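# Examining the three-dimensional arrangement
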Amino acid sequence: MCLAIAGQVIKTEGETAIVDFDGLSKRASILLLPTIAVGDYVLVHAGFIIQKLEEDYALELIELDKEVGLYGG
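Residues numbered from 1 in each chain as written. Predicted model: local features only at pLDDT ≥ 70, side-chain atom pairs only at ≥ 80, totals over all residues. Heavy atoms only, no water.

## Here we look at the pattern of salt bridges
Convention followed: By definition, a salt bridge exists where a carboxyl oxygen of Asp or Glu is found within 4 Å of a side-chain nitrogen of Lys or Arg. A run of H or I in DSSP becomes a helix once it reaches four residues, and a run of E becomes a strand once it reaches two; helices and strands are each numbered from the N terminus. Remark: exposure states derive from per-residue accessible area (1.4 Å probe, protein chains only) relative to the maximum for the residue type, with buried under 20%, exposed over 50%, and partly exposed in between.
On inspection of all chains with the given rule, the structure shows five salt bridges. Across the pair Asp-22 and Lys-66 runs a salt bridge whose closest N-O atoms are separated by 3.4 Å. Residue Asp-22 is located in the loop between β2 (16–21) and β3 (24–29), and its partner Lys-66 is located in helix α1 (residues 55–67); the two are separated by 44 residues in the primary sequence. Owing to a relative accessible area of 36%, Asp-22 belongs among the partly exposed residues under this scheme. What you see here is one network of salt bridges that share partners, running through Lys-11, Glu-13 and Arg-27.

Structure below.
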């Protein structure tokens, strides 16, 4: 099973973004959504940003992920 994880873009660098996942930062490709900007909440799957999320929905997903142990926090 593969999961898409919600996070917040904290920096963009060319064709990649640095995405914060509750304190853990990882690179993700923005090739599928090149209009992504710093501050956006996104879903990342297999190293690619696949969807931009509304903030309320993203924060709810992050809390659910924490409940099931997906995040360390």
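## Some words on the side chain of Ser-29
Rule in force here: N or O atoms within 3.5 Å of each other form a polar contact, as long as, within protein, one can give a hydrogen and the other can take it, and as long as residues adjacent in sequence are counted only when both atoms are side-chain atoms. Every residue pair with non-hydrogen atoms within 4.5 Å of one another is taken to be in contact.
Here Ser-29 shows up in strand β3. In this structure the side chain of Ser-29 is engaged in a polar contact, spanning 3.1 Å, whose partner is the backbone nitrogen of Leu-31. Not counting chain neighbours up to four residues away, the residues in contact with Ser-29 comprise Glu-15, Thr-16, Gly-47, Phe-48 and Ile-49.

Purely spatial values, then, with no claim about function.
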